[in-house]
Every structure is written in C-alpha cells, then in structure tokens.
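Observations on the model geometry
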Amino acid sequence: MAHIRNSVLAVASIALLVLPHSDLYAVEPNAAPTTGEVTFSEHIAPLIFNNCYECHRPGEAAPFSLMSYEDVSKRATMLQEVMERRFMPPWHPAPGHVEFHNSRRLSDDQLALYSKWVATGKAKGDDEKLPELPTFAGGWRLGEPDLVVTMPESFHVPADGRDIYRNFAIPLDLPEDKWLTAIEIRPDERSVVHHVLYFSDESGVARGLDGRDGKPGFRGMGFRATQVGGWAVGGVPSKLPYGLARKLPQASDLILACHFHPVGKAADVKITAALYFADKPPERDYVRFQIPPGYGRGTKLSQGVPPGEKNFQIEGEFTLPAKAELIHVSGHAHYICKSMKATATLPDGTVLDLLSLPAWDFNWQGQYYLKEGLWLPKGTVLRGEVNYDNSADNLNNPNDPPKLIKWGIQSTDEMGSLFFGFAVNDGDLFPDQGRPRGGNRAAGLTQRLKALDKNSDGKLQADEIPAAFRPLMSRIDKDSDGVLDRQELTESAPRLRQLFGGAGR
Ligand code: HEC
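The text that follows walks through the structure, step by step, so that each part is easy to find. (Residues numbered from 1 in each chain as written. Predicted model: local features only at pLDDT ≥ 70, side-chain atom pairs only at ≥ 80, totals over all residues. Heavy atoms only, no water.)

**Topic: the sheet that holds strand β12 (residues 312-319)**
Ordered in space as β12-β17-β14-β15, the four strands form an open sheet in which the pairing is antiparallel. Only two strands of the sheet have a single neighbouring strand rather than two, namely β12 and β15 (351-357). Neighbour to neighbour, the strand axes of the sheet diverge by 15° on average, direction disregarded. As paired strands, strand β14 (residues 337-345) and strand β17 (residues 381-388) are joined by eight bridges and run antiparallel to one another. The partner of Thr-343 across the bridge, within β17, is Arg-383. (Pairing = 2+ DSSP bridges. Helix = DSSP H or I, 4+ residues; strand = E, 2+ residues; numbered from the N terminus. Axes fitted to C-alpha atoms, helices over the stretch in contact; angles between N-to-C directions.)

**Here's the deal with the nonpolar core**
Leu-326, Val-329, Leu-354, Leu-376, Leu-382, Phe-420 and Phe-422 are the most contacted members of the largest nonpolar core, which totals 43 residues. Within the residue set of this core, elements represented by two or more residues are β11 (285-291), β12, β13 (324-333), β14, β15, β16 (367-376), β17 and β18 (416-424). Both of domain 1 (2-135) and domain 3 (285-424) provide at least three residues apiece to this core. With residues near it in sequence (within four places) discarded, Val-329 still touches Phe-100, Ala-342, Leu-354, Leu-355, Tyr-368, Leu-370, Phe-419 and Phe-420. (Core = buried A, V, L, I, M, F, W, Y, C linked by side-chain atoms within 4.5 Å. Buried < 20%, exposed > 50% of the residue type's maximum accessible area, 1.4 Å probe, protein only. Domains from an automatic or database assignment. Contact = heavy atoms within 4.5 Å.)

**Structural notes on the coordination of the iron atom of the ligand**
Where a metal carries four tetrahedral donors, each ideal angle is 109.5 degrees; where it carries six octahedral donors, the ideal angles are 90 or 180 degrees. The protein atoms that coordinate the iron atom of the ligand are His-56 (NE2) and Met-88 (SD), at distances of 2.0 to 2.3 Å. With six donor atoms in place around the iron atom of the ligand and angles of 85 to 180° between them, the coordination shape is octahedral. Here His-56, found in the loop between α2 (40-51) and α3 (69-73), pairs with Met-88, found in the loop between α4 (76-84) and α5 (108-119); they are 32 residues apart in sequence, far enough to count as distant. On the accessibility criterion, Met-88 (24% relative accessible area) is partly exposed. (Donors = N, O, S within 2.8 Å, 3.2 Å for Na, K, Ca; no water. Tetrahedral: all angles 85-135°; square planar, octahedral: opposite > 155°, others 65-115°.)

**Section: the sheet that holds β18**
Taking strand neighbours across the sheet as the criterion, the four strands line up as β11-β18-β13-β16 in an open arrangement whose pairing is antiparallel. On the outer flanks of this sheet lie β11 and β16, each paired with one strand and no other. Averaged over neighbouring strand pairs, the angle between their axes works out to 25° when direction is ignored. In this sheet, β18 lies alongside β13 in antiparallel orientation, the contact comprising eight bridges. If you follow Leu-326 over to β18, its bridge partner there is Phe-422.

**Thoughts on the environment of Asp-126**
With respect to the helices and strands, the residue Asp-126 is situated in the loop between α5 and β1 (147-150). Its relative accessible area of 39% is what places Asp-126 among the partly exposed residues. Between the C-alpha atoms of Asp-126 and Thr-39, which are 87 residues apart in sequence, the distance is 8.1 Å.

**Observations regarding unusual backbone geometry**
With an omega dihedral of -10°, the bond running from Met-88 to Pro-89 counts as a cis peptide bond. Inspection of the secondary structure assignment puts Pro-89 in the loop between α4 and α5. Residue Pro-292 is bonded to the preceding Ile-291 through a cis peptide linkage, with omega at -15°. Located in the positive-phi region is Asp-173, a residue other than glycine, with phi close to 50°. Its place among the elements puts Asp-173 in the loop between β3 (164-171) and β4 (178-187). A positive phi is found at Tyr-295, a non-glycine position, where the angle reads about 55°.

**Digging into the packing of α2 against α5**
Relative orientation of the contacting elements α2 and α5 amounts to 130°, with a least axis distance of 11 Å. In this view, α2 runs oblique relative to α5, as classed from their interaxial angle. Classified by chirality, the crossing of α5 by α2 is left-handed. Mapping the contact onto sequence places Phe-40, His-43, Ile-44, Leu-47, Ile-48 and Asn-51 in α2 and Gln-110, Leu-113, Tyr-114 and Trp-117 in α5. Along the lines of polarity and charge, the residues of the contact of α2 with α5 split into seven nonpolar, three polar and no charged. (Parallel < 35°, antiparallel > 145°, perpendicular 65-115°, else oblique. Left-handed = near helix turned anticlockwise from the far one by under 90°. Nonpolar A, V, L, I, M, F, W, Y, C, P; charged D, E, K, R; others polar.)

**Some points on the pattern of salt bridges**
Inspection of every chain in the model, using the stated rule, returns 15 salt bridges. Notably, a salt bridge pairs Glu-99 with Lys-371, separated by 3.4 Å at the nearest N-O pair. Of this pair, Glu-99 sits in the loop between α4 and α5 while Lys-371 sits in strand β16, and the two are 272 residues apart along the sequence. What makes Glu-99 buried here is its relative accessible area of 15%. (Salt bridge = Lys/Arg side-chain N within 4 Å of Asp/Glu carboxyl O.)

**Comments concerning α2**
Its 12 residues place the ends of α2 only 15 Å apart at the C-alpha level, less than the 16 Å of an ideal helix rising 1.5 Å per residue. Of all 12 residues in α2, 11 are buried, a share of seventy percent or more. All of the buried residues along α2 are Phe-40, Ser-41, His-43, Ile-44, Ala-45, Pro-46, Leu-47, Ile-48, Phe-49, Asn-50 and Asn-51. Buried residues along α2 sit against α3, α4 and α5. The opening residue of α2, the one whose side-chain oxygen lies 3.1 Å from the backbone nitrogen of Glu-42, is Thr-39. (Expected span 1.5 Å × (residues − 1). Polar contact = N/O pair within 3.5 Å; in protein donor to acceptor, adjacent residues only side chain to side chain.)

**Focus on the pairing of β3**
Where burial is concerned, most of β3 is hidden: six out of the eight residues are buried. Relative to strand β8 (residues 253-260), β3 runs antiparallel, the two being bridged by eight bridges. When the bridges of β8 are listed, Phe-168 appears paired with Leu-256.

**Looking at the site of the ligand**
The ligand sits among 18 residues. The nearest are Asn-51, Cys-52, Cys-55, His-56 and Met-88. Between the ligand and the protein, one listed contact pairs a nitrogen atom with a side-chain N or O atom of His-56 at 2.7 Å. When residues of the shell around the ligand are assigned to their parent elements, the largest contribution, four residues, is made by α4. When its residues are assigned to classes, the shell around the ligand shows 15 nonpolar, two polar and one charged. (Near = heavy atom within 4 Å.)

This is the structure:
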C-alpha cells in the first residue's frame, strides 16, 4: 500500500509540468529562447516541423502547408495569434494532474521563442542549419504499416438526409494470429466521415452480410464481434503504449463500423486501413469502462436537455474495487456538449484532475494516454461529468431555434461519457482470488464467477455482485431483476471477459 501511495504522490507532484510530446519528434526540439539571434533555420523550423507539419502538409486535414520559410513567414502573425490563443496545435485538455503521452501543448518557452522571432524581423538564418522535413512512410503518421487493406468498393453518401451507420467487412487473410497495436485509417473523402469504430470478426458472419442489399457494406451488428479501436474526426492515431496489444485471431476479418454525416454535397467514400502489429503478446490486459456507463444512456439525458438550458449536467461515479493502474482517459459527446471532466478522489480525500476539456469540440474526439501509468488505490472514486448548453448562444447547437435534445445515436441527438482505461494484471480486479489456474481464459472467467457465487445457486444475487460489475449492470441484467442468472452471465461472457481480464488472450 505504501508503494501505491508513493507512486500516486510522485506522479501527482510532477504533474503541473506539461512537456511537449517527444515520440512524434522527428527533429531535435528547439532550444529555449537564446540571447542570440532567433532564426527560422535554427529555432523556428524545428518548432513548426515538429508541431504543425504533421497536419499542415499536402493531403492532410489542415488548410495550408507549413513546410518552408515562405509558408511560415508570410503568415507569421496569424500563426503567432493561433498559438498564443492555444487554438493551434489542437490540444484540448487543460493542464491537470497527469501528463499525457504525445501532448501537443506548446510550452511558454516555445511561444516566447516564436514571438521573439517575429518581433526581431523573422530572420531566415543559415540554410545549412535547416533541419530535414520529417518523413511519413507512404503518408502514414505511424510509419510503415505491417498490413494495408482497402474497401473493395466506394460507398455512396448522399448530399443530405439522416446520418448513415454502415459496416464494411474487409478480409485480412492473416497467415497466423497477430497482436494489434494500432489501426490508422484514411478515408479518401474525409468530409462525410464522422467516425469509424473497428471490430474483428472471426465467424465469417459479417463477410456473408456484406453487399447483400446490393450496396457495399451492411447495416446493424447483430452478431458477436470484438471492438479493436476507433477513429473520429480530428483524431490522430497512436499506438497502444505500455506494450499493450489486442489479439487479432488468424481468421479475423476487419469490420469498419462507419458513421457518415451528410454535408450538403454527395460523396463516394472508400476507406483504407493500415494495421500495426506487435512482435510479442502483451504482458497485461487493457480494461476500459465508461462513467456514466452506456454513453450516458439512462441518465437525465433520457428526458432530454430542454431548449434554452445552459447548464445541464450528467455525472456518474465508480469506486475502484481494487488498486488499478490508470493509463487512459477520454470522453465522448455530441454537438451541444460544452465541457467535460474526469477526476479521481483518493481515499484520503485528495482530488486529482485526470482530464478536463473546458471547451469540448465535437470535431476533435481525442484519445488521451497518460505519459506514465497512475496507480490508484482501492477505494478511489472515479467521477465523470459532462455539461451541455442547449441555448442559442451555443454556436454548435444543431437546432435554430433550440429544441429538446434527448439521448440517441444520431449526431444531432446527445450522448456523454468519460472513458477510463486501465492496464491490468490477471486477477487485479479480483485480488482475493489471485490468478486463475491454467492458460485458458474462458475457464478463468467461469472460475471467477463460481467463486463469487457464495451460495452456489448458479446466479449472482445483489450481495454477491462485485462493485466492478456495477457500471455494466444495465447491460448484463437484461430482465432488470437485480439478479444475474446463468443465461444473462453466459450472454455477457465476452463483455465480462474483456473487462475483467480476458481480452483476447
Ligand atoms: C492535428 C492536426 C493539426 C496540427 C498538429 C496543427 N494544425 Fe493548424 N489546423 C489544422 C486544421 C484541421 C485546421 C483547419 C481547422 C479549422 O479551421 O478549424 C487548421 C488551421 C490552422 C490555421 C488557420 C486558423 C484559422 O482561424 O483559419 C492556422 C493559422 C494554423 N492551423 C496554424 C497551426 C500552427 C502554427 C500549428 C503548429 C504550432 C498547427 N496549426 C498545428 C490541423 C492542425
């Protein structure tokens, strides 16, 4: 316990320091402001190439390229303005108690260096000292992929109408089981793609459904598939840190579950996906859950946010049943969300700000991994809150005049939830039981459920249900009688296994 405390405190105490990301740096970061002359070649090019060029290059989402002295100097004051407002580079979390992996926040020193360059006449400097532009293999941000697959045919998204949810099954033809660390996708027509979730399907069911209605893809996900990741507008892919990876069995097809949003102009979209594999299986599992659960379904959002309401909040809490190592926090909501926040209250009452997005922007659904895992002790209360503004003052309001907005899956409906991701050792969430014996994880789950079933009646009564199941109760307890019977547990086995130490091992 002392050890856990110490690491929590150690992480908390270095937390105020927000460093720029280093993993993406292809160029040596620029030095702090110097007493000498500030030049483009020596000081500004590294700053721009490392922090802007990733998106501000041909073929990417940003409206112009930033790859030469001319590109930068002709817009020098506009760039300064957006950097000082911290509008660019896009980075939405407010500084808090944890540092994020690949943080894009520029330091005050970097801003000072840039403004000195502008104020002293934008010197070009010695061309010899100009760093090379970072390279992106085949344009991919994550480097040379291990496998690249493309939808065989384009899908037509009309100019207007309701949002379209459509899945596409892409055969991977893997030679053997693989360990997936990242998927990067590239739609050839970005404007209409709202988000894409990735699933794997070993059953061949999805492949059979694809194209049945005469158009590429299929609707609905009426079969068992395993989610392996996701991408949303503005999201930048990153590899799972901490040596984590997800199993992709040899027979897997990749399912792209797409959400298209008509934008007033018809588009034919084809998505290409790059897959990245790890060399070896992960040592630990990755467990993620939502607060409030179910994207906020079942909260006050079911009654809806009244038109004109500026301060509407949903929230949820979850008490950790055992110590756990937090590695990821993110959130999801739609247009009228204003801000969201995730905190952890330690047993001694200390409140840690884990993630605060003070100006939620629907177009940037960021995924935030902690730079260093944060051990949270048993009894820590995790809290997630999401705030909405359904007034006409909210420029993102999809309705003019505002109208009642309820929970729903259209992007003009609302949702809201904070996601917490943990790296878990087998048995971490069931400390009393230790590790299940044998390598068979399915057997492991049965064994764990058996151990919980104190009166051995094959069901879990309220007093047998561990706190860790609570965020999932509404999903598992289908008949809502507060008891988990054998059928309910069997049906939820994949979900339970994924959550409590079984994700694909
Ligand atoms: C993750 C991708 C990304 C990175 C990194 C990034 N930009 Fe951008 N930038 C964009 C996109 C996308 C837009 C257009 C979005 C918009 O207009 O809201 C944009 C727009 C801009 C604009 C125009 C703003 C306006 O009001 O029209 C400026 C100026 C700019 N970026 C400067 C920078 C600078 C300087 C950096 C680095 C310090 C940077 N950007 C880093 C994606 C990025």
